[in-house]
Amino acid sequence: MTSAVWTGSGRSVNPMTSDTDIHRLIHLLREKGLRLSFAESCTGGLASAMVTSIPGSSEYFLGSAVTYSNESKVSILGVSEGTLEAHGAVSEECAKEMALGSLRTYGSDIAVAVTGIAGPGGATYDKPVGLVFIAATDGRNHVTSANRFFGERHEVRKASVDAMFRDAIRLLEEN
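Residues numbered from 1 in each chain as written. Predicted model: local features only at pLDDT ≥ 70, side-chain atom pairs only at ≥ 80, totals over all residues. Heavy atoms only, no water.

Colleague: Help me understand the packing of aromatic side chains, please; the structure alone is not making it clear to me.
Modeller: To describe a pair of aromatic rings, one takes the distance between the centres and the angle between the planes. Counted by the stated rule, this structure contains two aromatic pairs. Considering the side-chain rings of F38 and F61, the 5.2 Å spacing of their centres and the 50 degrees angle between planes classify their relative orientation as tilted. Linking F38 in strand β2 (residues 36–40) with F61 in strand β3 (residues 61–66), this pair joins segments that are 23 residues apart in sequence. Like F61, F38 is buried. Grouped by ring-pair contacts, the aromatic residues F38, F61 and F165 constitute a single cluster. (Phe/Tyr/Trp six-rings, centres within 6.5 Å; stacked < 30°, edge-to-face > 60°. Helix = DSSP H or I, 4+ residues; strand = E, 2+ residues; numbered from the N terminus. Buried < 20%, exposed > 50% of the residue type's maximum accessible area, 1.4 Å probe, protein only.)

As structure tokens, then:
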């Protein structure tokens, strides 16, 4: 089953990352001499697992904070309690603060954060299953996306990681 994707930016994307995408990201990191970190919520460390499955990843990957709870988002990444109260954990604002927190925590050159609802539970009328926000930053420039993925929990999580890689590539190619 292939997941359909909606992105808040209106761009159409293929929900599945090919091997080319992850290798493109790695190539860009190596070419620019940059190091990467993640802040993961709904993906539960899946992005880290995929990056570290490639030999030599310690050359460009510093680590990932899996901050599933709001408390860990605040204590580990420095997400503002005000942001969580005003916008919720599943929001562009939270994703941005998570990415900036990962940048600070790891001292990386770029960071990518993901927060969303993988399902099958946890949804509300305004925030349905499959709603995922991603933020990539180098501290000066930001790429964010609002996505809606469809499918089973594992498909939403995988599509979220794929979108993380695409947004990281976009950040690196545009800056």
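Colleague: Explanation requested: the side chain of T67 in the structure shown.
Modeller: Its location among the elements puts T67 in the loop between β3 and α3 (70–77). When neighbours within four sequence positions are excluded, T67 is seen to be in contact with E40, S41, S72, K73, I76, L77 and M98. (Contact = heavy atoms within 4.5 Å.)

Colleague: Please clarify how the layout of surface pockets should be interpreted in this entry.
Modeller: Vacant regions in the atomic arrangement are exposed by a probe of water-molecule size rolled over the atoms. Of the pockets and cavities examined, the largest pocket occupies roughly 180 Å³. Lining the largest pocket are 15 residues, with S41, Y68, V90, G116 and I117 positioned closest to its centre. Among the secondary structure elements, those contributing two or more residues to the lining of the largest pocket are α3 and β4 (110–116). Of the residues contributing to the lining of the largest pocket, the split by class is six nonpolar, seven polar and two charged. (1 Å grid on protein atoms, 1.4 Å probe; cavity = no way out; pocket = protein on both sides within 12 Å on 5 of 7 lines; lining within 4 Å. Points joined across faces, edges and corners; volume = space filled by probe spheres on them. Nonpolar A, V, L, I, M, F, W, Y, C, P; charged D, E, K, R; others polar.)

Colleague: How do you make sense of the nonpolar core when you look at a structure like this?
Modeller: Most often, soluble globular proteins keep nonpolar side chains buried together rather than apart. Ranked by size, the top nonpolar core spans 33 residues in total, and within it L25, L29, L36, F38 and V112 carry the most contacts. Residue assignment for this core shows that the elements contributing at least two residues are α1 (19–32), β2, α2 (46–52), β4, β5 (131–137), β6 (142–149) and α6 (153–174). Top contributing element to this core by residue count: α6, with 10 residues. Beyond its immediate stretch of four places on either side in the chain, L36 contacts L25, L29, Y60, F61, L62, G63, S108, I110 and V112. One finds L77, C94, A99 and A113 within the second-largest nonpolar core, a separate group that totals 17 residues. (Core = buried A, V, L, I, M, F, W, Y, C linked by side-chain atoms within 4.5 Å.)

Colleague: Whenever I open this one, the pairing of β2 confuses me. Can you help?
Modeller: When a strand is regular, its side chains alternate between the sheet's two faces. Counting buried residues in β2 gives five out of five residues, a clear majority hidden from the surface. Of the two faces of β2, the one carrying L36, F38 and E40 and the one carrying S37 and A39 are both buried. Direction of pairing for β2 relative to β3: parallel, over a ladder of five bridges. Of the residues in β3, the one forming a bridge with F38 is S64. One crossover worth recording links β2 to the parallel β3 by way of α2, and it is right-handed. Where β2 meets β4, five bridges bridge the pair, whose relative direction is parallel. Within β4, the residue paired with E40 across the bridge is V114. (Pairing = 2+ DSSP bridges. Right-handed = clockwise from strand over helix to strand, strands pointing away.)

Colleague: How do you make sense of the packing of α1 against α6 when you look at a structure like this?
Modeller: The relative placement of two packed helices comes down to the angle between their axes together with the axis-to-axis distance. At their nearest, the axes of α1 and α6 sit 9 Å apart, and the two run at 35 degrees to each other. The crossing of α1 and α6 is left-handed. On α6, the residues touching D21, I22, R24, L25, L28, L29 and K32 of α1 are F165, A168, I169, L172 and E173. (Axes fitted to C-alpha atoms, helices over the stretch in contact; angles between N-to-C directions. Left-handed = near helix turned anticlockwise from the far one by under 90°.)

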